[in-house]
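# A look at the structure
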Amino acid sequence: MKMEDIKRVLADFTLFRELNDFELTKIATISFAREWKKQSHVFLQGDPLENVYFIFDGKIKIYKSDINGKEQIVAIAKKGEMFPHVGFFRKGDYPAYAEAVEPSTLIVVPISKFEKVLIDNPELCIKVFKVLGEKIVDLQNRLEEQILNNTYEQIIKLLIRLAQKHGIEQKNGTILLKSEFTNKDLANMIGTTRETISRTLTKMKKEELIEVDQDANMILDVKILMQEINLV
């Protein structure tokens, strides 16, 4: 991918949308594009923290792993998003793994060079802090869910969050959530077991809180789910 192509790609990211051509050129000059195959790692937990990545195409799973190999999914990042958010103004190692869920093309920006661009462009620096702030709020909400909600409520809130971020709105107002997340993935997102997810989804189908089509895609009505846990 040539520099002009990279510049056009970066211009679509919220972080860079209001930059002028000169400012975008500065960032594109220090960036390069690279492709990752499905199930290949962009980086490993503990690797030196060197780059920030912007997703042009594909999906990336961000997860942690403990000494026993137990996986905790932190996030599923998709086209138009950046990761890791801890990359700015921080030295050290990557705090998690990043794995391509599907073939992915990423724009790679070296942190040391990007920080210099941020320092030279205070307005861009403020935008970065806003993005970081939004991510912190999201993580705080998820931590609060684990502390204050039982597993059933956590699963419903997870489905709502995935529907809003990854779902496809249908004409009747429901949301189609494709079967890209396994029960194990869902379990790893909230720290429960695959069996618990399976039992809960079966119960929700019987109670007609969710539907599942012939391709194993979930059809969700967010309002109904929110009513189930008294969010509306």
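Higher on the page you've got the structure.
To keep things clear, this report deals only with the structure shown in the data block. (Residues numbered from 1 in each chain as written. Predicted model: local features only at pLDDT ≥ 70, side-chain atom pairs only at ≥ 80, totals over all residues. Heavy atoms only, no water.)

### Remarks on the overall build of the protein chain
As a reminder of what qualifies: Helix numbering and strand numbering both begin at the N terminus, where a helix is a DSSP run of H or I of at least 4 residues and a strand a DSSP run of E of at least 2. Here the radius of gyration uses the C-alpha set of atoms, whereas the globule reference equals 2.2 Å times the residue count to the power 0.38. Each residue's exposure class comes from its accessible area (1.4 Å probe, protein chains only) as a fraction of the maximum for that residue type: buried when under 20%, exposed when over 50%, partly exposed otherwise. We get accessible surface area from the Shrake-Rupley algorithm with a probe of 1.4 Å; when it comes to residues, only the shown protein chains can shield them. Only four residue types enter the tally: Lys and Arg on the positive side, Asp and Glu on the negative side; His and the chain ends are excluded. Note on charges: their place is set at NZ of Lys, CZ of Arg, CG of Asp or CD of Glu.
Counting its secondary structure elements, the protein chain contains eight helices and 12 strands. The C-alpha radius of gyration computed for the protein chain amounts to 19 Å, which stays within 12% of the reference 17 Å derived for 232 residues, consistent with globular compactness. Each of the three principal axes of the protein chain carries a C-alpha extent, and together these read 55 × 45 × 30 Å. Counting every position in the protein chain, which comprises 232 residues, the buried fraction comes to 44%. Summing over all exposed atoms, the protein chain offers an accessible surface of approximately 13200 Å²; the carbon and sulfur share of this is 51%. Charged side chains in the protein chain number 34 positive and 35 negative. The centres of these two groups are separated by 2 Å.

### Let's talk about the pattern of salt bridges
Put simply, the rule is: Note on definitions: salt bridges are taken to be side-chain nitrogens of Lys or Arg within 4 Å of carboxyl oxygens of Asp or Glu.
All told, the structure shown has eight salt bridges when counted by the stated rule. Notably, a salt bridge pairs E207 with K203, separated by 3.2 Å at the nearest N-O pair. A relative accessible area of 42% means that E207 is categorised as partly exposed. Beyond isolated ion pairs, a larger network of salt bridges with shared partners links E4, K7 and D21.

### Some remarks on the sheet that holds strand β4 (residues 59-65)
Inclusion rule: At least two DSSP bridges between two strands are needed for those strands to be called paired. Fitting a line to C-alpha atoms yields each axis, with helices limited to the stretch in contact; the angle taken between N-to-C directions then spans 0 to 180 degrees. What makes two residues a contact is simply this: any of their non-hydrogen atoms within 4.5 Å.
Ordered in space as β2-β7-β4-β5, the four strands form an open sheet in which the pairing is antiparallel. Pairing within the sheet leaves two strands with one partner each, and these edge strands are β2 (41-43) and β5 (71-78). Adjacent strand axes in the sheet meet at a mean angle of 30° when their direction is disregarded. Note: β4 against β5, seven bridges, orientation antiparallel. Bridging across to β5, K61 finds its partner in I76. Sitting on the sheet, helix α5 (residues 151-166) touches β4 and β5, and the angle it makes with β5 is about 25°. The strands that helix α6 (residues 183-190) touches are β4 and β5; relative to β5, the one it contacts most, it runs at about 105°.

### So, the packing of aromatic side chains
Inclusion rule: Between rings of Phe, Tyr and Trp, where Trp is taken as its six-membered ring, a pair exists when centres lie within 6.5 Å; planes separated by under 30 degrees are stacked, by over 60 edge-to-face, and by other angles tilted.
Within this structure, the stated rule accounts for 10 aromatic pairs. Between F16 and F114, the aromatic rings sit 6.2 Å apart at their centres with planes inclined by 75°, giving edge-to-face as the arrangement. You can see F16 sitting in the loop between α1 (3-11) and α2 (21-29) and its partner F114 sitting in helix α3 (residues 111-120), a full 98 residues away along the chain. No difference in accessibility class separates F16 from F114, as the two residues are buried. Here the aromatic rings of Y63 and Y97 are separated by 5.0 Å at their centres, their planes lie at 15°, and the arrangement is stacked.

### Let's talk about unusual backbone geometry
A cis amide bond links F83 to the next residue, P84, at an omega of -10°. Inspection of the secondary structure puts P84 in the loop between β6 (82-83) and β7 (97-100). Its identity as a non-glycine residue notwithstanding, Q39 has a phi of 70°, on the positive side. Unlike most non-glycine residues, A216 shows phi in positive territory, near 70°.

### Considering the sheet that holds strand β10 (residues 175-177)
One open sheet holds the four strands; their spatial order is β9-β10-β12-β11, and the pairing between them is antiparallel. Of all strands in the sheet, those with a lone pairing partner are β9 (168-169) and β11 (210-212), marking the two edges. Its contacts with the sheet place α5 against β9, β10 and β12 (218-220), and it is angled at close to 100° to β10.

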